[in-house]
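Overview (structure and organization)
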Amino acid sequence: MDYITIKRICLLLAIILVAELGIAIASASWQKEWAANYVSRVRESSPSWTFEGHTEEVDNFKLLLVEKDKAFIGGRNMVYYVSLPDFKDPVTLEWEADSMSTKNCKHKGKTECQNYIRVLLRKSQDRFYICGTNAYEPKCRHYTLKDGQFVMESGSGEPGTGVCPFDPSHNSTILYADGNLYSATVADSDSRDPLILQKSKNDHLMRTQPRDSMFLNEPNFVSSFEKDDKILFFFRETAIEHINCGKAVYSRVGRICKQDQGGAIRNFEDRFTSFFKARLNCSIPGEFPFYFDEIQSTTDFGQGNYRPTSDSGDRSDMIYGVFNTPENSIRGSAVCAFKYSDIADSFRGRFKGQDSFRHNWLPVSWESTPKIHPEKCTNNSMGLSFDSLDFIKSHPLMDEAVPARGGQPMLVFTSFNSRFTQIAVDWQVLAADGLYYDVMFVGTDDGRVIKAINTGTSTVESVVIEDLQIMEKDEAVTTLKVVSSRVQRSHEKLVVMSKNRILAIPLHRCGKATSCSSCVALQDPYCAWNMKMGQCISAEAGIQNIGTGKHPSCQAEEGESTSIEMTTEASTSPECKCPQVVGPDESMEVVDSIDIDFVPRPNQNRGNGRQGEDSEEFTGAKTAASSSQTVQAAGVSPDIFVVVIVVSIIASLLVGFFIGFKVQSCRFARDQDVFYDQHARSLQRGLGRNRLSSGDNPYFHTDHTSLAPKKLNHVVNMKNGKTNTETIPVTKSNKVYL
C-alpha cells in the first residue's frame, strides 16, 4: 500500500478508537438527554411580561386562583390580583404577621417569620376567604373586594390551623366545593399530624384518622380536585406497605365522598368513612419496571387524548403529572398521563391488607370484603355497620395501582443537573395536519421550560419541540399555567412562576423559523408554513408534518435542499463533495458531504443535550449520518475499511489484555503480606474445631510463644474443716460464638 492509503487507514483507526472511547464514556454516564428541535439559552430572547415583588426578600410566590384572564397571587405579606398575561394594574392587599406571632417565631429560631399568603377562596362574587402563615401561627380572614380594593370584614379573624400550612414551603392544597372547604396540610408546626380536612358551611369539621400512618404517612400534598360526588387528592408519602423492605416513597391518589358525615361509633366520630387511596404507576415497563415514584405536580383535569387523533370527540377526562426518582437514586424525571375512569376503576377493585405487622401486605379476598363495596358513596354514612367501619379503618389502601395511559411515560428526562418540577397542558391543539395534540409544557429546577408532544398512535413517541431557558439557572420553576384562547391566538400565553418572579411568554416561536424546511422541522402543532406569505406562522392550515419533520413541498420550494444555514467553516465548492487528498507534505482538507435534514444552525455542544450559553439554535431532532457516508467521507474503499475494523478490534483486545495484566500484577504485588502468608492459613484450618472457636488458634491468645495448655496455680478443696490443696493441670475450654 502507498503512503496515501496508509495515511487513510491511520485516520480511520483513530476515528474508530475515538468512537469507542466516546461509547465507553456515554455508558459510564448513563443518562441520554434528548435534543430539542429549538433551543434557547438567552433568557431575554423571548418577548415576555414580567412581574416582580420585593427585590430584597424572597416572596415565595404561589398561584392561588385563576379565573379566565385574572389571577390571584400570594406572596410575602401581600396578595396580588393581576390580569393575565400582561400583569397590568395589579390590585394589592397588604397583610403583615402579628407582632406577637413574629416574636414567638424568632424565639423558636425560625427564619420565615412573615405572613406568606397560601390560601384564597372565592366564596361569592365579591367575598373571599384568605389565609396566611402568620409567622408559623396560621390565621384566616374574610375580605370583600369593592371598587378595586380589599376590605376586611370586622371580626373575621380566626385560627387557620388545618387549613393553611405553618411553613410557606410546605406542600399543601385546598379547594372550595358545594359550600364546603377541603384542605390537605398539617395540623402542627412540626408536621407530625398530617390531615385532610373538611370544613362545612356551619363550621363543622371532619378529618382523616389522626396520627395513623395507615391513612397518611409523612405526605406531601400536590393538588386536589372536585370530580362528580368525590374530592380527589394527589400526594406522595412513605409507603406503609413497603416498610418491611425498607423506606420508600410512593405516589398516591386519595378520595373522599362529599356526603360523608362520619360514623356512629366512637372511632369514627367526625372522621371520614370514605377515605381510600391508590398508588399511581408511572414506570418504564419491562421484566423489572423502572419506577418514577415521587409525584411533584399535576395539571388540572382536562378533556384530552395522550395520542394524536383526528376525531375531536375522541377525548377523555385526563390528568398529567410530573414524577421524579428519589434524591439518593439515579436522577430521573418523567411525565405520565392518567385517565379518570382508570382512577375510578382502581377504587372499585380489591383492597390491600396485612393480617399483622409480621405479615406481608396482600390483596384482600372478595369473601373478606363487605358485600356493599366501601368505595360506593352513601348519603347515610352514620348508618354504616360496625363491621364495615372496622374494615374501612384497617383497609384504606387499594390493591391495584392506577395505570398510566400508553403503559409508559409520555416523556422521560435523565440528567445529573436538573429535574422536572411543574407541568401544564394545552389540551387538544388542532394542527395543520388535521390532528389534535395535547401539548405539554414542563418546568425544571434550573429555570427551563420544555415543550413536548406524543406523535405515536400505538406506542409513545415523544418529540421535544423546544427547550427554553426562561428563568435564571438557580431559579426553579414552581408554577406553570396555560392561558389559552382559541379565538385570539395572540392572547395565548404561558405563565411561568418561580419564588421571586412571574413571566408570561408566547406558547410558540414560529417566527424563529425562516424557511419552509425549518418550520416543518420544528414539529410544532402551533406552527405551519404559509406558502403565500412565505412565513412560518401560527395557523391551523399550511405545510406541516409533525410525525417526521419533513415535507416534500419544502424540498421542491427550496430546490431539493433542506439545509438553511451552515456556520461551520467548510468548503462550499459545488463541484466536489469528496475530501481533497493532497501530497504528503501538504495539509489534508476534509469537506463535509453529509446531507443534513434540518440544521439552520448546527449544535456545537451536544454533550448532554444542552446547548452553549447565551445562544438560540435550531437542531434537527433526527439528524444523523450513516456509516457508509462516513466511509465515503474518508475516501477509503470498503475492503480497506473491513481490514481497519479487524485490525482495530485485535489491537483493542491486545491493549486491553496488556492493561489488565499490568493492573493484576500491581494488585498482586501490593496485596502480598508476610504476616498473612505465614499465619492466615491457621484461620482456615479446622483443627477438629469450629472456625470461630477460640481453641488453640494463636490469634485468640495474647502469648503466641506456646500453644500448650496452660496450668492454673492451684485448686483448693475444703473437706472436714481441713484445707486440701492440689495442683491439677486444667485446660481452657473452647468457646463457640454464634
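Here goes a summary of the coordinates provided. (Residues numbered from 1 in each chain as written. Predicted model: local features only at pLDDT ≥ 70, side-chain atom pairs only at ≥ 80, totals over all residues. Heavy atoms only, no water.)

**Topic: the side chain of T102**
One can find T102 in helix α2 (residues 99-107). We classify T102 as buried; its relative accessible area is 17%. (Helix = DSSP H or I, 4+ residues; strand = E, 2+ residues; numbered from the N terminus. Buried < 20%, exposed > 50% of the residue type's maximum accessible area, 1.4 Å probe, protein only.)

**Quick word on the side chain of S200**
Within the secondary structure layout, S200 lies in the loop between β14 (194-199) and β15 (205-207). Residues contacting S200, with those up to four places away along its chain left out, are G179 and N180. (Contact = heavy atoms within 4.5 Å.)

**Remarks on the sheet that holds β14**
Read across the sheet, 4 strands follow the order β12-β13-β14-β15 without closing on themselves; strand pairing throughout is antiparallel. On the outer flanks of this sheet lie β12 (173-177) and β15, each paired with one strand and no other. Averaged over all neighbouring strand pairs, the angle between strand axes comes to 20 degrees, with direction disregarded. In this sheet, strand β13 (residues 180-186) lies alongside β12 in antiparallel orientation, the contact comprising 5 bridges. Across the sheet, the residue bridging to L175 is Y182, located in β13. (Pairing = 2+ DSSP bridges. Axes fitted to C-alpha atoms, helices over the stretch in contact; angles between N-to-C directions.)

**With respect to unusual backbone geometry**
Of note in this structure, N134 is not a glycine but carries a positive phi near 50 degrees. Among the structural elements, N134 can be located in the loop between β8 (127-132) and β9 (139-146). Taking relative accessible area as the criterion, N134 reaches 2% and is therefore assigned buried. Although it is not a glycine, D178 sits at a positive phi angle of roughly 55 degrees. You can see D178 is positioned in the loop between β12 and β13.

**A word on helix α3 (residues 340-347)**
The buried count for α3 comes to 6 of 8 residues, which makes it a mostly enclosed element. Of the positions making up α3, those classed as buried are Y340, D342, I343, A344, S346 and F347.

**A closer look at the pattern of salt bridges**
Under the defined criterion, the tally for this structure stands at 29 salt bridges. Here D98 makes a salt bridge to K139, at a shortest N to O gap of 3.1 Å. Here the residue D98 occupies a position in the loop between β6 (91-94) and α2, and K139 occupies one in strand β9, the gap between them amounting to 41 residues. When its relative accessible area of 24% is taken as the criterion, D98 is described as partly exposed. Judged by relative accessible area, K139 falls into the partly exposed class, the value being 24%. (Salt bridge = Lys/Arg side-chain N within 4 Å of Asp/Glu carboxyl O.)

**Digging into the nonpolar core**
Core analysis: the largest hydrophobic core is formed by 36 residues, its most contacted members being F441, L480, L494 and V496. Aside from chain neighbours lying at most four places away, what touches L494 is F441, V449, L480, K481, V482, L503, A504, I505 and L507. Residues L232, F268, F301 and L389 belong to the second largest nonpolar core, which totals 29 residues. (Core = buried A, V, L, I, M, F, W, Y, C linked by side-chain atoms within 4.5 Å.)

**Details of a nonpolar patch on the surface**
A contiguous nonpolar patch, built from I645, I649 and L653 and spanning about 270 Å² of accessible area, is present on the exposed surface. Within the element layout of this structure, I645 appears in helix α8 (residues 638-671). (Patch = residues over 30% accessible without salt bridge, like charges linked within 9 Å, V, L, I, M, F, W, Y side chains within 5 Å. Areas by Shrake-Rupley, 256 points an atom, 1.4 Å probe, with all protein chains shown as cover.)

**Considering helix α4 (residues 386-394)**
When α4 is considered as a whole, its buried residues turn out to be S388, L389, F391 and I392. Buried residues in α4, looked at end-on, bunch into an arc of 160 degrees, giving them a common side. Exposed residues on α4 whose side chains face more than 90 degrees from its buried face are F386 and D387. Those residues of α4 that are buried are in contact with β19 (276-281). (Arc of directions from axis to C-beta.)

**Some points on the state of the cysteines**
Chemically, a disulfide is nothing more than a covalent bond linking the sulfur atoms of two cysteines. Here the structure, examined in full by the defined rule, presents 7 disulfides. Between the sulfur atoms of C131 and its disulfide partner C140 the distance amounts to 2.0 Å. Around the S-S axis, the bridge from C131 to C140 shows a dihedral of about 110 degrees and counts as right-handed. Classification of C131 as buried rests on a relative accessible area of 0%. Residue C140 is classed as buried on the basis of its relative accessible area of 0%. For C257, the disulfide goes to C377, at an S-S distance of 1.9 Å. Handedness here is read from the sign of the S-S torsion; for C257 and C377, about -80 degrees, the answer is left-handed. One end of the pair, C257, is in strand β18 (residues 249-257); the other, C377, is in the loop between β27 (362-363) and α4, and 120 residues separate them in sequence. Classification of C377 by relative accessible area gives buried; the value is 16%. C164 takes part in no disulfide bond, and the closest cysteine sulfur, belonging to C131, lies 5.6 Å away. (Disulfide = S-S within 2.5 Å.)

**Here's the deal with the pairing of strand β35 (residues 493-497)**
Here β35 lies mainly inside the structure; 5 of its 5 residues are buried. Judged by which residues are buried, β35 turns out to be covered on both faces: K493, V495 and M497 on one side and L494 and V496 on the other are all buried. Between β35 and strand β36 (residues 501-506), which pair antiparallel in sequence order, lie 3 residues.

**Re the sheet that holds strand β17 (residues 230-238)**
Reading across from one edge, β16-β17-β18-β19-β28 is the order of the 5 strands in this open sheet, with mixed pairing throughout. At either end of the open sheet lies a strand with only one pairing partner, and these are β16 (220-227) and β28 (402-403). As paired strands, β17 and β18 are joined by 9 bridges and run antiparallel to one another. Counterpart to R236 in the pairing with β18 is S251.

None of this, on its own, says anything about what the molecule does.
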